[in-house]
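# Survey of secondary and tertiary structure
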Amino acid sequence: MTQTTIGVGLVGYAFMGRVHSQAWRNVAAFFDLPVTPVMAALSGRSRSAATDAAARMGWAAVETDWKELVNRDDVQIVDICTPGDSHAEIAIAALQAGKHVICEKPLANTVAEAEAMVAAAAASQGRSMVAFNYRRVPAIALAQRMVAAGELGQIRHVRAQYLQDWIVDPDFPLVWRLQKDKAGSGALGDIGAHIIDTAQFVTGQTIVGVSALTETFVKERPLASASSGLGGSRTSEKGTVTVDDAALFIGRMSEGALASFEATRFATGRKNALRLEINGSLGSLAFDFEAMNELWVSSGDSGFRRVLVTEPDHPYVGAWWPPGHGLGYEHTFTHEIKDFLEAVGTGSDPSPSFADGLRVQRVLAAVEESAASGSYKEIA
C-alpha cells in the first residue's frame, strides 16, 4: 500500500454488505479523496458463499474467520456489516489492532456493549464511525443545514416515522432480525434507530426522555431455512418471535421540543417510508424517503413548497448528475464512505461517532424500559 491507498476488509456480505461493497467500488470515481480505497478482503463463514460474493462484488481475497481479516497487513479499515450480536466483539478487536472501523447501525445490541465500543474507540489510534446512512440523503443534509442556520427558528415539534410492511404476512419466516439474541430488538432497533439519529442530527438536539409502547403482532413464525436472508425461505416448524414488531413513543428534546416517533414493519403498503417533519417558530420542513429527492419547506406565512434537491450546490449532489436527475438509496452509502475516507485521510474524527451511536442506544434502551414499565424514562 502507498500513502494514497488504503485497504478495506468487509465482514458480512448480505444486504448491507452488498450496498457497502457498491459504495467502496464507486466512491473514488465520483469524489476527490485524500485516500483511495482498495477492496482487499471479505470475510464470511462459508468459504464457497464468501468466494462467490467476493467475485461478484469486487473483493480481492476471502477469509472465513473475521479475526484473520482484522489481522491482515493489507487491511487498514474494517467495515462491519454483520447482525448486531457480533458488532462489539469485531469492532473492539479491530480498534485494538489499530484499524479504522465503520460499523452498521444500531451500534450494538445493548448499552453495555456500546459503552465498551466507545471506550475502545477512545483508546485506539484508529478512527471509527457508526453507519447511519440517512444522514447522507441530500435532502436530509440540506434540512440539517437549514435548521443550523436558524431558518426554522425555535424548534417546537418533531415528528418521525419509519414505516415498512415486509413482515405483514404471518407466514414470513423467523429470520435473524426477528430474534432478540441476534438483533437486539425488532422494528425499534432496526429502523427506529434511524429516525432517532435522523431527528437528533437534523435538529441538533438530543432526546432526553421517552414514554413508549411496543407490540409483537405475530408471536410465532415458521423457522427460516439455513440460507434464509431478509426475505428467505421457511420450514414447517415454528419458533417464537422475541422482538417487537412495532414501537411508538413520545419524547422531549434537549431544547424543549416535543417529539413523536413510530417504527413499524406492519404498515401495509409502506415499503420504506422514513418520514420527518419539523415545525419551528419561523417555518417547517417535511421529508419522506419514498420521495427522497424532495424536501418540503414552509416559511411560516404560507403552505409548503417542494424543493427538488438535485442542484449542484445541494449537499453531495454536485458530484453526480445534472439537475433533476435524481439519486437513489445506494448513493447514501457512497456519501457515507466518502465522508469516512475524508476523515481517515485527514486525521479527523468521523461523524456520527461511536459516542453518537451510544446516544441512540441509550434511547433504544429507554424505550424498551418505558414500554415494559408503563412509565416515562429520562435519558442521562
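Scope of this entry: the structure provided in the associated data block. (Residues numbered from 1 in each chain as written. Predicted model: local features only at pLDDT ≥ 70, side-chain atom pairs only at ≥ 80, totals over all residues. Heavy atoms only, no water.)

### Focus: the overall build of the protein
The secondary structure content of the protein amounts to 10 helices and 17 strands. Taken over the C-alpha trace, the protein has a radius of gyration of 20 Å; the compact-globule value for 380 residues is 21 Å, and the two agree within 12%. Oriented by its inertia axes, the alpha-carbon framework of the protein measures out at about 60 × 50 × 40 Å. Scored against the burial criterion, the 380 residues of the protein give a buried share of 56%. (Helix = DSSP H or I, 4+ residues; strand = E, 2+ residues; numbered from the N terminus. Rg over C-alpha atoms; globule rule 2.2 N^0.38 Å. Buried < 20%, exposed > 50% of the residue type's maximum accessible area, 1.4 Å probe, protein only.)

### Looking at the packing of aromatic side chains
Within the structure shown, the criterion is met by 12 aromatic pairs. Where F249 meets F261, the ring centres are 4.7 Å apart and the plane angle is 10°; that geometry is what we call stacked. With a gap of 12 residues between them, F249 in strand β11 (residues 246-253) and F261 in strand β12 (residues 258-264) connect regions that are remote in the sequence. Given a relative accessible area of 1%, F261 falls into the buried group. For the pair Y329 and F333, a centre-to-centre distance of 5.1 Å together with 75° between the ring planes defines the contact as edge-to-face. (Phe/Tyr/Trp six-rings, centres within 6.5 Å; stacked < 30°, edge-to-face > 60°.)

### Focus: the layout of surface pockets
Looking at the second largest pocket, its volume works out to about 170 Å³. Considering the residues around the second largest pocket, the lining is formed by 14 residues, among which N109, T110, G184, Q361 and E368 are closest to the centre. Only α7 (180-183) and α10 (354-373) provide two or more residues apiece to the lining of the second largest pocket. Of the residues forming the lining of the second largest pocket, the biggest block, 4 residues, is contributed by α10. For the lining of the second largest pocket, the per-class residue count stands at 6 nonpolar, 6 polar and 2 charged. (1 Å grid on protein atoms, 1.4 Å probe; cavity = no way out; pocket = protein on both sides within 12 Å on 5 of 7 lines; lining within 4 Å. Points joined across faces, edges and corners; volume = space filled by probe spheres on them. Nonpolar A, V, L, I, M, F, W, Y, C, P; charged D, E, K, R; others polar.)

### Considerations on helix α2 (residues 47-57)
Along α2, the residues classified as buried are A50, A53, A54 and M57. Buried positions in α2, seen along its axis, are confined to an arc of 100° and lie on one side of it. With respect to the buried face of α2, the exposed residues turned more than 90 degrees away are S48, A55 and R56. Buried residues in α2 make contact with α1 (15-30), β2 (36-43) and β3 (61-63). (Arc of directions from axis to C-beta. Contact = heavy atoms within 4.5 Å.)

### Structural notes on the sheet that holds strand β6 (residues 128-131)
The strand order across the open sheet built from 6 strands is β3-β2-β1-β4-β5-β6, with neighbouring strands paired in parallel fashion. The sheet is open, and its two borders are formed by β3 and β6, each paired with just one other strand. Each neighbouring strand pair of the sheet contributes to a mean axis angle of 25°, computed without reference to strand direction. Alignment of strand β1 (residues 5-11) against β2, held across 7 bridges, turns out to be parallel. Across the sheet, T5 pairs through a bridge with T36, a residue of β2. With respect to the sheet, α1 is in contact with β1, β2, β4 (77-80), β5 (100-104) and β6, its orientation differing from that of β2 by roughly 155°. (Pairing = 2+ DSSP bridges. Axes fitted to C-alpha atoms, helices over the stretch in contact; angles between N-to-C directions.)

### Regarding helix α4 (residues 87-96)
In terms of residue burial, α4 counts as a mostly covered element, since 7 of its 10 residues are buried. Among the residues of α4, H87, A88, I90, A91, I92, A94 and L95 are the ones counted as buried. Directly beyond the C-terminal end of α4, a positive phi value near 80° is found at G98.

### Overview of the environment of A114
In this structure, A114 sits in helix α5 (residues 111-123). Residues A114 and D79 lie 35 residues apart in sequence; the distance between their C-alpha atoms is 17 Å. Contact partners of A114, with chain neighbours within four places excluded, come to L107, A108, L358 and Q361.

### Here's the deal with the environment of S211
Along the polypeptide, S211 turns up in strand β8 (residues 207-215). Expressed as a C-alpha distance, the spacing of S211 and F249, which sit 38 residues apart in the sequence, is 5.5 Å. What S211 contacts, discounting residues up to four positions off in sequence, is L248, F249, I250, S370 and Y376.

### What about the side chain of N272?
Looking at where N272 falls in the secondary structure, it is placed in the loop between β12 and β13 (273-280). In contact with N272, other than residues within four places in its own chain, are Y134, Y162, L163, Q164, F289 and E290.

### Focus on the sheet that holds strand β15 (residues 294-298)
With mixed pairing, the 9 strands of this open sheet are ordered in space as β16-β15-β14-β13-β7-β12-β11-β8-β17. The open sheet terminates on both sides in strands that have one partner only, identified here as β16 (305-308) and β17 (377-378). Pairing between β8 and β17: 2 bridges, direction antiparallel. Bridge pairing in β17 places G209 opposite E378. On top of the sheet, helix α6 (residues 138-148) reaches β7 (155-163), β13, β14 (284-288) and β15; it is set at about 25° to β15, its chief contact.

### Quick notes on the pairing of β13
Of all 8 residues that make up β13, 6 are buried, and the element is covered over most of its length. For β7 and β13, the ladder comprises 8 bridges, and the chain directions are antiparallel. If you follow R159 over to β13, its bridge partner there is E277. Relative to β14, β13 runs antiparallel, the two being bridged by 5 bridges. Looking at β14, one finds that L276 is bridged to F287. Joining the antiparallel neighbours β13 and β14 is a turn of 3 residues.

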